[in-house]
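Structure at a glance
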Amino acid sequence: MNVGLQKTTLVNYPRKVAAAVFLPGCNLRCPYCYNGELVCASVSEGPAGKSLQGGMNDYVPIEAVYEHIEKRKPVLHGLVISGGEALLSPFLPELILRARKAGLAVKLDTNGLLPDKMYSLLHDDALCPDMIAVDIKTAPARYHELKFCCPAGTEPSAEQPEAALKRTLMILQEKHMFRRPVEIEYRTVLVPPLVAAEDIRAISALLPSDAAWFFAPFLPGNCLNPAWNTIRPYTQAETEELIRLAGTKIPNSRLR
C-alpha cells in the first residue's frame, strides 16, 4: 500500500523535528483540497502516482515508512500522521506503535468527523497520541454544503457530519480522561465561500476559550474542484479582520 512520506519536516509538528506520513482515503471531498489523488485513493491500496503535493514528497510503500522511522529515530523527535483522513486507515495503529517503539512523539491530523474512533484512541494506553490537530472547515451547520463519501473498505456512518464534529469537539474537552497528556490545536483555512465572519463566530462558540486556533490562507491553483481555482482569496486586511474577530472569543487565534 502506498502512502505519502515527507522524510523531514520542521513545521508540521510544532517544536519538533519530525517525519510526516499521509495516509490515503478521506470521507470528505473539500472542493479546495490540493491532495485530490491522495484523498480519492483507496484506504487499503493508496494512490498510483509517484509524488505528493507537486512532487515535494514521495509516495512510498508503507513498509518504507516503517524503515524510515527505524533508520532516522536518532534524529527525529516526532511522527505526524495525516491524510486524507488518518482515522480511516487500517494502518494507523501499527504506525503509532512503531513510532512509540522508536521513541517518537505522535501527532494526529484529523477532520474530526469520526468521534468514536477518536474516543477509542484517546482512551487506549498504547495508541493515545501526544498531539491532535483538528481541521474545522466551516461552521458545523454548513457542513451539509460539503461533499461526503464512504471510501471503499470503510463502514458508512449514520451520524450527520454536524453532529459528528460537535461530538469530537466535546470529546477533546475531556482532557482529564485521556490516557496521556494531549496537546490540541484547531485549524481553519480561510476559504471565502466557506469561512466568513458569521462562521468564525459559530466555530468559536464550540471551542474552549484557551484553545489554540490557527488559520491558513486559501491558496487557489490546484483545487480538487477546478472551479475553485478562480476564487479570490481574502486580502491581508480581510484576513486580519477575521483573525481579530476570532481573537475576541479565542485569544490564542493566529495566522500560520
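Preceding this paragraph is the structure being described.
Residues numbered from 1 in each chain as written. Predicted model: local features only at pLDDT ≥ 70, side-chain atom pairs only at ≥ 80, totals over all residues. Heavy atoms only, no water.

A word on the overall build of the protein chain. The secondary structure content of the protein chain amounts to 7 helices and 10 strands. For the protein chain, whose C-alpha radius of gyration is 18 Å, the value lies close to the compact-globule estimate of 18 Å for 256 residues. Dimensions of the protein chain along its principal axes, counting C-alpha atoms only, are 45 × 45 × 40 Å. Looking at the 256 residues of the protein chain, the share that counts as buried comes to 52%. (Helix = DSSP H or I, 4+ residues; strand = E, 2+ residues; numbered from the N terminus. Rg over C-alpha atoms; globule rule 2.2 N^0.38 Å. Buried < 20%, exposed > 50% of the residue type's maximum accessible area, 1.4 Å probe, protein only.)

This part is about the environment of Thr110. Topologically, Thr110 is positioned in strand E6 (residues 105-110). The exposure class of Thr110 is buried, given its relative accessible area of 2%. With 87 residues separating them in the primary sequence, Thr110 and Leu23 have C-alpha atoms 11 Å apart. There is a polar contact of 3.0 Å between the side chain of Thr110 and the side chain of Glu85. (Polar contact = N/O pair within 3.5 Å; in protein donor to acceptor, adjacent residues only side chain to side chain.)

Here we take up the layout of surface pockets. Approximately 300 Å³ is the volume attributed to the second largest pocket. Lining of the second largest pocket is provided by 18 residues; of these, Leu114, Lys117, Glu155, Pro156 and Ser157 occupy positions nearest its centre. When grouped by side-chain class, the residues that make up the lining of the second largest pocket number 9 nonpolar, 4 polar and 5 charged. (1 Å grid on protein atoms, 1.4 Å probe; cavity = no way out; pocket = protein on both sides within 12 Å on 5 of 7 lines; lining within 4 Å. Points joined across faces, edges and corners; volume = space filled by probe spheres on them. Nonpolar A, V, L, I, M, F, W, Y, C, P; charged D, E, K, R; others polar.)

Going through the model one piece at a time under the given rule, you end up with 1 aromatic pair. When the centroid spacing of 4.6 Å and the interplanar angle of 40° are considered together, the rings of Trp213 and Phe215 count as tilted. In terms of burial, Trp213 and Phe215 fall into one category: buried. Positioned above the aromatic ring of Tyr66, the side-chain terminus of Arg98 is 4.0 Å from the ring centre. A cation over an aromatic ring shows up here: Arg256 above the ring of Phe214, its NZ or CZ 3.8 Å from the ring centre. (Phe/Tyr/Trp six-rings, centres within 6.5 Å; stacked < 30°, edge-to-face > 60°. Lys NZ or Arg CZ within 6 Å of the ring centre and 35° of its normal.)

Attention now goes to helix H4 (residues 115-122). Residues of H4 that are buried: Pro115, Met118, Leu121 and Leu122. Along the long axis of H4, the arc covered by the buried residues comes to 120°, so they all point the same way. Elements in contact with the buried residues of H4: helix H3 (92-101), E6, strand E7 (131-135) and helix H5 (161-171). (Arc of directions from axis to C-beta. Contact = heavy atoms within 4.5 Å.)

Attention now goes to unusual backbone geometry. Of all residues except glycine, most have a negative phi; of all peptide bonds, most are trans. For the peptide bond that leads from Gly83 to Gly84, omega is 10°, which places it in the cis range. Summarising the element assignment, Gly84 is placed in the loop between strand E5 (78-82) and H3.

So, about the pattern of salt bridges. For the coordinates displayed, the defined rule picks out 17 salt bridges. In this structure, Arg187 and Asp109 form a salt bridge, with 3.6 Å as the shortest nitrogen-oxygen distance. Of the two residues, Arg187 sits in strand E8 (residues 183-190) while Asp109 sits in strand E6, which places them 78 residues apart along the sequence. Each of the salt bridges in this network shares a partner with another, and the network as a whole consists of Lys107, Asp109, Asp135 and Arg187. (Salt bridge = Lys/Arg side-chain N within 4 Å of Asp/Glu carboxyl O.)

A separate point is the side chain of Thr168. Position of Thr168 among the secondary structure elements: in helix H5. Judged by relative accessible area, which is 0%, Thr168 ranks as buried. Apart from residues lying up to four places away in sequence, Thr168 is in contact with Gly112, Leu114, Pro115 and Met118.

Our focus in this paragraph is the nonpolar core. Grouped together as the largest cluster of nonpolar side chains are 72 residues, with contacts concentrated most on Ile81, Leu95 and Tyr186. Excluding residues that lie within four positions of it along the chain, Tyr186 makes contacts with Val134, Ile136, Leu169, Leu172, Leu207, Pro208, Ala211, Ala212, Trp213 and Phe214. Formed by 9 residues, the second largest nonpolar core is a distinct cluster that contains Ala18, Ala20, Leu38 and Tyr59. (Core = buried A, V, L, I, M, F, W, Y, C linked by side-chain atoms within 4.5 Å.)

Turning to H5, its buried residues number three or more, namely Pro161, Ala164, Leu165, Thr168, Leu169 and Ile171. Burial along H5 is one-sided: seen end-on, the buried residues are contained in an arc of 160°.

Moving on: the side chain of Ser204. Here Ser204 lies in helix H6 (residues 197-204). The buried category is assigned to Ser204, whose relative accessible area is 6%. From its side chain, Ser204 meets the backbone oxygen of Arg201 in a polar contact 2.9 Å long. Residues contacting Ser204, with those up to four places away along its chain left out, are Trp213, Lys249 and Ile250.

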